Amino acid sequence: MKKILLTVVLGVSVVAVNAAQPAQGQSATPPAQGQAAAPAGQAAAAPAAPAASQAAAPVIKDPAEYNAYVAAIQQKDPAAKISGLEAFVTQYPNSVMKNQALEILMQTYQQSNNVKKAMETATKLVAVDPCQVPALTLLTYIDRMMAQGGDPNGKQESADSEKYGQQGLDCLSKFNKPEGTSDADFAKMKSQMTGNFNAGIGWGALQDKDYAKSAQFLKSAVEANPPDSQKDLALLYPLALSYLQQTPPDYQNGVWYAARAAAVAPDANKPALEKYALSQYRKYHQGEDGWPDVLNAAKAGGPQVPIPPPPTPADQAHDMVTKTPPDKMDFATWEFVLTNGSQADQDTVWNAIKGKAVQMNGTIISTTPDTFMIAGSSDDIDAKKADITLKFEDKVPVKLIPKDGASFDFQGEPASYTPNPFVMVMEKARLLNSKPASPAKKAPVHHKATAQ
């Protein structure tokens, strides 16, 4: 976590330092006392500048305050600069240059990789200037990364990341281009900041279980910046969860971003992430066919590959009929095809079994002397629901009638069926020995239809 965090801080530091660099690089010869000192983010006012420009800049009137400020910002050694700026903001808490001094101090802490002090300074900056965009950028990013890294205070850091992210997003339109920054660099800077703020909002929303909001903002964050494996992984996996934890889950997007997370993950984490992405793919598609295409596209960083829709119950029924002759099917497969299959597939199965004596095992639901109500598939056995009406030509002797709930072997000839709710009528029934006669059909696991 520490290594990732420092990398992030340095990335944010580049944005912030670019915005304030002219202040750190102003002339070693200070302007005359009473002349405007340059605010952070602007070059020192030139002597020949128009009067209006000079009047617009803050003016330090107290010579001691002026000298303390100039001495601090002109230090080349970071430790000396930090010491001078800390002393300045402590000694002159109401200075017109307080905000600029805090901004330069924050940037110097960043350059020194002092994350804690950079955050403390950024917090002070935002307290006095709620739209201090570089400070909001820093606070949003570090709070999110600390929370994602499992910090004990992660709940509060997630909330702060979302708060600062929203604050930064609202203020970004007021963020002016720093002097000396090209239009292209400024556009890139704002894009990075936008992505950072969106990420903070999205991460906070994910912790609040607002999955739709989380997906919206995390996706914007992913799309805002060019690919980078470390930053992408910190966004892609939460984005995948945002889609997959919705009700109902958005498998199309969730699986894709889970695959993208696996693609950019370190080698040690790839297997677990790929396994998770595949499990979600299988849950949606009801199979693994097509998965290599999705994973390979994710690894290549190409456009999103749609997941083939799961087979409909009719598709599943047709596949069963294609792969297995009706006389080789178990009872549960007959039930599934006759309930869900196309008319042609139903006819294929029914014409093959109608009037043919079949031997199988079932569970008694209820009985009369000449009719037994039986559960033949394991699903209906568990539900204590009859799916077979077994009719005898003669009354069965009372002593031979099985008790309700008993498992027994029988023979019958399929005569008719109703598809929904499924019940097959079997006629010319007879009881078999306690041992099932070959080829008696045992009750198999029922094939459930895929919910559409």
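Everything here concerns the structure above.
Being a predicted model, the structure only gives us computed values, none of them experimental.

Scoring rules and cut-offs
Residues numbered from 1 in each chain as written. Predicted model: local features only at pLDDT ≥ 70, side-chain atom pairs only at ≥ 80, totals over all residues. Heavy atoms only, no water. Helix = DSSP H or I, 4+ residues; strand = E, 2+ residues; numbered from the N terminus. Expected span 1.5 Å × (residues − 1). Buried < 20%, exposed > 50% of the residue type's maximum accessible area, 1.4 Å probe, protein only. Arc of directions from axis to C-beta. Pairing = 2+ DSSP bridges. Axes fitted to C-alpha atoms, helices over the stretch in contact; angles between N-to-C directions. Contact = heavy atoms within 4.5 Å. Disulfide = S-S within 2.5 Å.

A.B. asks: Outline helix H13 (residues 270–285), supporting the account with residue identities and numerical values.
C.D. replies: The end-to-end C-alpha distance of H13 is 22 Å, a good match for the 22 Å that 16 residues give at a rise of 1.5 Å each. Every buried residue of H13 is listed here: Leu-273, Ala-277, Leu-278, Gln-280, Tyr-281, Tyr-284 and His-285. One side of H13 carries all its buried residues, which in axial view fall inside an arc of 160°. H13 presents Pro-271, Ala-272 and Lys-275 as exposed residues on the side facing more than 90 degrees away from its buried surface. Just past H13, the residue Gln-286 takes up positive phi, approximately 65°.

A.B. asks: If you had to explain the sheet that holds strand E4 (residues 407–419) to someone new, which residues and values would you point to?
C.D. replies: As summarised here, the arrangement of the 5 strands in space is E1-E2-E3-E5-E4, forming a closed barrel in which the pairing is mixed. This sheet shows a mean twist of 50° between the axes of neighbouring strands, independent of strand direction. Across 8 bridges, the pairing between E4 and strand E5 (residues 422–431) is antiparallel. Directly across from Ser-416, in E5, lies its bridge partner Val-425. Where helix H16 (residues 331–340) meets the sheet, it contacts strand E1 (358–368), strand E3 (388–391), E4 and E5, and its direction lies at approximately 140° from that of E5. Against the sheet, helix H17 (residues 343–353) touches E4 and E5, its axis set at about 130° to E4.

A.B. asks: Would you mind going over unusual backbone geometry in detail, with residue names and values included?
C.D. replies: Following Thr-247, the chain continues into Pro-248 via a peptide bond in cis, with omega recorded as -5°. The topology assignment puts Pro-248 in the loop between helix H11 (229–244) and helix H12 (251–264). The peptide bond linking Asn-420 to Pro-421 adopts the cis configuration, its omega dihedral lying at 0°. Looking at the element boundaries, Pro-421 is found in the loop between E4 and E5. Positive phi outside glycine occurs at Gln-286, with the angle close to 65°. If you trace the backbone, Gln-286 turns up in the loop between H13 and helix H14 (291–300). Even without a glycine there, the phi angle at Lys-384 is positive, about 55°.

A.B. asks: Summarise the side chain of Thr-140; cite the residues concerned and give the values.
C.D. replies: Examined against the element boundaries, Thr-140 turns out to sit in helix H7 (residues 133–148). You can call Thr-140 buried: its relative accessible area is 0%. With residues near it in sequence (within four places) discarded, Thr-140 still touches Ser-161, Tyr-164, Gly-165, Asn-196, Phe-197 and Gly-200.

A.B. asks: An account of the state of the cysteines is requested, with residue identities and associated values reported.
C.D. replies: The full count for this structure, using the stated rule, is 1 disulfide. Between the sulfur atoms of Cys-131 and its disulfide mate Cys-171 the distance is 1.9 Å. Disulfide Cys-131-Cys-171: torsion about the S-S bond near -70°, hence left-handed. One end of the pair, Cys-131, is in the loop between helix H6 (115–128) and H7; the other, Cys-171, is in helix H8 (residues 154–171), and 40 residues separate them in sequence. The exposure class assigned to Cys-171 is buried, which follows from its relative accessible area of 6%.

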